[in-house]
Amino acid sequence: MRTIHVVPHTHWDREWYRPFQSFRIRLVDCVDQVLDMMDDDPRFAFTLDGQLATVDDYLEIRPEGEARIRAAVARGALAIGPWQILMDEFLVSGENMIRNLQLGWRRAEELGTPMPLGYLPDMFGHVAQMPQILRRAGIDAAMVWRGVPSTVDRHLFRWEAPDGSAVTAHYLNEGYGSGAYLLSVPDDMAAKLEPFATAMRPYFGNDALLAMYGTDHMLPDLTLLAHLDGVNRAQPEYHLQTDTLRAYLEATADEAAGPMPTVVGEMRSSARANILMGVTSARIDLKAACGRAERALERYAEPLTALWGAPGAAGWPEAYLRLAWRRVIENSAHDSICGCSLDAVVAQVLVRFAEAEQLADDLARRAAARLAADVPRGGIAVLSPTPAARIGQVELSLPIPEDWPSVVLEDAGGMRLATQELERAERLVFAESMAGREIGILLDRRTHGRELFGRYLTGWVIGSREVILEVDAEEDPAWLDVDGMRREIGMSIAGDPDAAWDLRVVSAARRRLIAEVTTPPLGWIALRPLAGRADPTAGPVRASERELANDLLTVTVDDSGELTLLAADGSRLAGVGRVVDGGDHGDSYNYGPPAEDLLVATPRDVQIATTLAGPLRSALEVSRTYGWPVGLEGGGRSAQTVPTEVVTRVELRSGEPFARLEVRFENRSDDHRVRFAIPLARPADRSFAEGQLAVVERPAEPAEAGHGEVPLPTHPARSFVDAGGAAVLARHIVEYELATGERGDELLITLLRATGLISRNDNPYREDPAGPQIEIPDAQMRGRWSIAFGLMPHPGDWHAGCVATAAEAYRHDLLVAPGRAAPDEPLPTGAAGLEISGGALSALLRVGGELELRVLRQAPDDGEVVIRGPFAAAREVDLLGRDRGGLDTKPGELRLAMGAWEFRTVRLR
């Protein structure tokens, strides 16, 4: 007799074709029914989808149900964890997934025992480093479906990360609903067993079979156990028993002892299941919002607060950070971040990202303000989020006397830094002659606290029938007595309130400047403005009518508006910037071309103008007007077109080996895809993309097909993609394709993809529906859009070309805070924070009295990662905070021998 482990479960998309609260009503019904069935029959077992969000969302409505859940977990009837939510692996950061696992595991521990399984049932492919993430949390098994390549010919295989970490992966060859419909006609259940076994046997051989009884938002049948008992009595060949996934793993542990196939790295195959690769370019606003929130938390709020915030437990904003991370993690669910949901769902996702970003930004600013409290007014504190010394640029608005012809910034050691003036503020804000009594009325009606005309009161002058109110950008000038000001003005005009008085509101002499700043690793410096001139440290940027140049890179524009980038080492990219607009008859999951496509790549008009001319920063704008079809019509694109101006801004900064590009346009067309073409410096048959704690090598040809989905070589990249001597630097997930066209090999960057359906039943590139065919008008992405990225030509591969270093500089701006100490206070010297060489920073936060640092060996070879900073001892912990032993440490220095792509978590005391 052969055992079939029937695992009752539900796959719970928290929000999708219904909003979250609508689905939650059904979730509460589901969990109520599960708990009732467990009370009725102790044999009943259930797996709650591997995500604690289902429990938390339920308990928010049924708090009295917590005791029942605890009891069910304790006796092994209910399996929970390990994730907080089932994420899309490719569209969020590696740190996002780690925090997701930490949050879910800790919550599961509060309720009982977490399921020690990397349950990944419906991710749209799997990232390369997932096995290492799991192993560093003490989990040695995973369960996967989409993306598994055809080389896997059984239900167990070894899945190995780039660093060599490996887990035993259980392949859901028929998906997470393999046994969902065994009970669809209960009387025929016995007859369905043999077809089910036949489908599973090629993968399971003689091993016990797994029947996943459940699917999307499915409630278990109340008669399940009775029917299983009947089937077991009616036939002798199979024995069906209900289990949790945890119990199934324990019962079949010996099956993992034999030989099995091995898969190394990411899994993006369409051989047996759709991977729905078009979600990378659906709703680019979601991807940009996610990138901003993740970056604000991972690289600003946490590390800067950990190093420079108020000391002690009271100074660590645990509650705010927990709330911000929860919002980001809630949005990491695939139907949330992918953009394949109702417009109402997307609106809620954007709000959550905004909340997280707001919290993180304010926390980072608080850390900066704490340092700036010792910097004299008129000066600034500049903080760096980079764990290495760097030269960067900041934009400043500073009070500068009008008679200074030029400005430098000076540090505490007397070093003078170059600036570039952008503009001077208009000084006269308001002027009017009025009766004296009306001045008091105006102050009462126009001021809001100290705010007046968008600025803040800083002082006043009373002359002969004249009142001058001084304003500036200082929100809370401690020296200003507003009540005293009102009294003095009132007393001055009281003698002749009906006479004509002149009232003027005058802004301080203020200039907007660019400054070139050298900062210590994860540290800060203080600067103050002085009259004078200094040369740029890294050499000036030059600008002419169609050319920008610094000592490292020259950018020229031809008559068509296309760019040539020539590096000082001879690396050259030519013909950059062709904008190609084509039709899209697909949906939010998959791009699909119309039967008769029309590609629009030739502009009707080209205008080129220099908008900024050095010495620290220069820029030009290329404005091209195209006739984009308004939508689809019949089997192709519509004959009606709309004139669309596409503006490409090109910026070059001193000392940077890359150009900063921004593409702006107003989208007034539907059902189309817009891409930016970058011809490569040399032929390339593969790309290298940074994603989740690794740089992944991908061939130019598409992944294998086989399930009715046309596999496209369109892929996600998080901080950069590199091919053929061209590196594209990004601030959030972008979609790219390495393609060969008339101009040779090129990278195509998707700027926008506009669709109007969640899923299209007649998608030309996918046979199976990916969801319901529901209209989502906002996914047509009408309105104004701006997409920014960096572009760098370089010799050698991405590692030799220092692409990761360039991406670090492009993604992470320096942070500025205005000084708030008395003007005559001395300028502080600043300080370094934490320096990392040989590795990359993934996380830096405070845990109790220690700094917790997660560092990655971001290199294709083994090496030493050196950490320097204000610490005396170090120990290693796993991803769940469990101690792994002390580390040999010199005061202020820790050296770690690390393998390629290995990441480790250490606590510094």
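Above this note sits the structure.
K.L.:
Explain the overall build of the protein to me, please; I cannot follow it from the model alone.
P.N.:
The helix and strand inventory of the protein stands at 15 helices and 53 strands. Relative to the globule expectation of 29 Å for 909 residues, the C-alpha radius of gyration of the protein, 31 Å, shows essentially globular dimensions. Counting every position in the protein, which comprises 909 residues, the buried fraction comes to 61%. Long-range pairs, those at least 24 residues apart, make up 75% of the contacts in the protein between residues at least 6 apart in sequence. If you sum the accessible surface of the protein, you get close to 33700 Å²; carbon and sulfur atoms cover 49% of it. Measuring between centres, the 95 positive side-chain charges of the protein sit 3 Å from its 133 negative side-chain charges.

K.L.:
Whenever I open this one, helix H14 (residues 482-494) confuses me. Can you help?
P.N.:
An α-helix turns once per 3.6 residues; consequently, residues spaced three or four apart project the same way. With 13 residues, H14 ought to run about 18 Å at 1.5 Å a step, and its terminal C-alpha atoms sit 18 Å apart, in line with that. Those residues of H14 lying buried are Val482, Gly484, Met485, Ile489 and Ile493. Taken down its axis, H14 places every buried residue within 160° of arc, on the same side. Facing away from the buried surface of H14 by more than 90 degrees, the exposed residues are Arg487, Met491 and Ala494. Buried-residue contacts for H14 involve helix H13 (436-446), strand S18 (455-463), strand S19 (466-472) and strand S20 (500-507). One side-chain oxygen of the residue at the start of H14 lies 3.3 Å from the amide nitrogen of Asp483, identifying that residue as Asp481.

K.L.:
What should I look at first to understand unusual backbone geometry in this one?
P.N.:
Both trends apply: most residues other than glycine have a negative phi, and most peptide bonds are in trans. The omega torsion of the bond from Gly81 to Pro82 falls at 10°, within 30 degrees of zero and hence cis. Positionally, Pro82 belongs in the loop between strand S3 (78-79) and helix H4 (94-111). A cis amide bond links Gly614 to the next residue, Pro615, at an omega of 10°. For Pro615, the position within the fold is in the loop between strand S29 (605-612) and strand S30 (617-629). Its identity as a non-glycine residue notwithstanding, Asp671 has a phi of 50°, on the positive side. Relative to the assigned elements, Asp671 resides in the loop between strand S34 (659-667) and strand S35 (672-679). You will see that Trp901, though not glycine, has its phi angle at about 65°, which is positive. With respect to the helices, strands and loops of the structure, Trp901 is situated in the loop between strand S52 (893-898) and strand S53 (903-908).

K.L.:
How do you make sense of the packing of helix H1 (residues 20-40) against helix H3 (residues 66-74) when you look at a structure like this?
P.N.:
A pair of packed helices is characterised by two quantities: the angle between their axes and the separation of those axes. Following both chains from N to C, one finds H1 and H3 inclined at 55°, their axes separated by 11 Å at the closest point. In terms of orientation, H1 lies oblique with respect to H3. Judged by the twist between their axes, the crossing of H1 over H3 is left-handed. Contact with H1, carried on its side by Leu35, Asp36, Met38 and Asp39, involves Arg68, Ile69 and Ala72 of H3 and no other residues of that element. Per-class residue counts for the contact of H1 with H3 are four nonpolar, no polar and three charged.

K.L.:
Teacher, can you tell me more about the sheet that holds strand S45 (residues 835-837) here?
P.N.:
Strands pair in a sheet through their backbones, by hydrogen bonds, and they do so in one of two ways: parallel or antiparallel. Across the sheet, four strands lie side by side as S45-S48-S52-S51; this open sheet has antiparallel pairing. Two strands bound the open sheet, and with one partner strand each, they are S45 and strand S51 (889-890). Bridging between S45 and strand S48 (residues 863-868) involves three bridges; their strand directions are antiparallel. Across the sheet, the residue bridging to Ser837 is Val866, located in S48.

K.L.:
Hey, could you run me through the side chain of Glu160 in this one?
P.N.:
Turning to its location among the elements, Glu160 is positioned in strand S6 (residues 156-160). In this structure the side chain of Glu160 is engaged in a polar contact, spanning 3.2 Å, whose partner is the side chain of Arg158. Each residue touching Glu160, except ones within four places of it in the same chain, is listed here: Ala128, Pro131, Ser165, Ala166, Thr262, Val263, Val264 and Gly265.

K.L.:
Sorry, what's going on with the pattern of salt bridges here?
P.N.:
Note on pairing: side chains with opposite charge can pair once their charged atoms come close. Throughout the structure, instances matching the rule amount to 76 salt bridges. We note a salt bridge from Glu194 to Arg201, for which the minimum N-O separation is 3.4 Å. Across the salt bridge formed by Glu318 and Arg322, the nearest N and O atoms sit 3.6 Å from each other. Of this pair, Glu318 and Arg322 both sit in helix H10 (residues 318-330), four residues apart, which is roughly one turn of the helix. Here Arg322 falls in the partly exposed class, since its relative accessible area comes to 44%. The structure contains a network of salt bridges with shared partners spanning Arg14, Glu15, Asp57, Arg327, Glu330, Arg352 and Glu355.

K.L.:
Where do I start with the pairing of strand S49 (residues 874-877) in this structure?
P.N.:
Remark: a regular strand shows side chains that alternate across the two faces of the sheet. In this structure, S49 lies alongside strand S50 (residues 883-887), joined through four bridges in antiparallel fashion. Bridge pairing in S50 links Glu876 to Gly885. Turn length for the S49-S50 hairpin, with the two strands adjacent in sequence and antiparallel, is five residues, and the turn residue Gly881 shows positive phi of about 85°.

K.L.:
Please clarify how helix H9 (residues 284-308) should be interpreted in this entry.
P.N.:
Compared with an ideal rise of 1.5 Å per residue, which puts 25 residues at 36 Å, H9 spans 34 Å between its outermost C-alpha atoms and is within 8% of the ideal. Its maximal kink placed at Leu297, H9 deviates by approximately 35°. Burial analysis of H9 places 24 of its 25 residues in the buried class, which makes it a mostly covered element.

K.L.:
Help me understand the packing of aromatic side chains in this model?
P.N.:
The description of an aromatic ring pair uses the distance of the two centres, along with the angle that the planes make with each other. What the rule picks out here adds up to 14 aromatic pairs. Ring geometry for Phe676 and Phe789: centres 5.2 Å apart, planes at 70°, overall edge-to-face. With a gap of 113 residues between them, Phe676 in strand S35 and Phe789 in strand S43 (residues 783-793) connect regions that are remote in the sequence. Given a relative accessible area of 0%, Phe676 falls into the buried group. Taken together, the ring pairs in this structure connect Trp16, Tyr17 and Phe23 into an aromatic cluster. Looking at Arg136, its charged tip hangs above the ring of Phe903, at a distance of 5.7 Å from the centre. A cation over an aromatic ring shows up here: Arg268 above the ring of Phe90, its NZ or CZ 4.7 Å from the ring centre.

About the criteria used
Starting afresh in each chain, residues are numbered from 1 along the sequence in its written order. Reporting of local features is limited, given that this is a predicted model, to residues whose pLDDT is at least 70; pairs of side-chain atoms are given and counted only at 80 or more, and all residues count toward the totals for whole chains, interfaces and linings. By convention in this description, side-chain values take in all heavy atoms of the structure and omit both hydrogens and water. A helix here means a DSSP run of H or I that spans at least four residues, while a strand means a run of E at least two residues long, and both kinds are numbered starting from the N terminus. For a compact globule the rule gives 2.2 Å times the number of residues to the power 0.38, and the radius of gyration it is set against comes from C-alpha atoms. Accessible area is worked out with a 1.4 Å probe on protein chains only. A residue is then buried under 20% of its type maximum, exposed over 50%, and partly exposed in between. By definition, residues are in contact when any of their heavy atoms lie within 4.5 Å. Shrake-Rupley sampling with a 1.4 Å probe provides the accessible areas, and residues are treated as covered by the protein chains on show and by no other component. When charges are counted, Lys and Arg are positive and Asp and Glu negative, with His and the chain ends excluded. Where a charge lies is defined by one atom per residue type, namely NZ (Lys), CZ (Arg), CG (Asp) and CD (Glu). Take the number of residues in a helix, subtract one, and multiply by 1.5 Å to get its expected span. Of all possible arcs, the one meant is that of the directions from the helix axis to the C-beta atoms. Between N or O atoms, a polar contact is any pair within 3.5 Å; within protein, one atom must be a potential hydrogen donor and the other a potential acceptor, and residues adjacent in sequence are included only when both atoms are from side chains. Helix axes use the C-alpha atoms of the stretch in contact, all axes being lines fitted to C-alpha atoms, and the angles between their N-to-C directions lie in the range 0 to 180 degrees. Geometric relationships in this document are graded by angle, where less than 35 degrees denotes roughly parallel, more than 145 denotes roughly antiparallel, 65 to 115 denotes roughly perpendicular, and other angles denote oblique. Crossing handedness follows the turn of the near helix against the far one: under a right angle anticlockwise gives a left-handed crossing, and clockwise gives a right-handed one. Residue polarity follows a fixed list, in which Ala, Val, Leu, Ile, Met, Phe, Trp, Tyr, Cys and Pro are nonpolar, Asp, Glu, Lys and Arg are charged, and the others, Gly among them, are polar. Only when DSSP finds a minimum of two bridges between them are two strands counted as paired. By definition here, a salt bridge exists when the distance from a side-chain nitrogen of Lys or Arg to a carboxyl oxygen of Asp or Glu is within 4 Å. A residue's bend is simply the angle between two axes: one fitted to the seven residues ending at it, one to the seven starting at it. Here is the rule: rings of Phe, Tyr and Trp (six-membered ring for Trp) pair when centre to centre is within 6.5 Å. Planes less than 30 degrees apart are stacked, more than 60 are edge-to-face, and the remainder are tilted. Either the NZ atom of lysine or the CZ atom of arginine qualifies as a charge over a ring when it sits within 6 Å of the ring centre and within 35 degrees of the ring normal.

These values are about where atoms sit, not about what they do.
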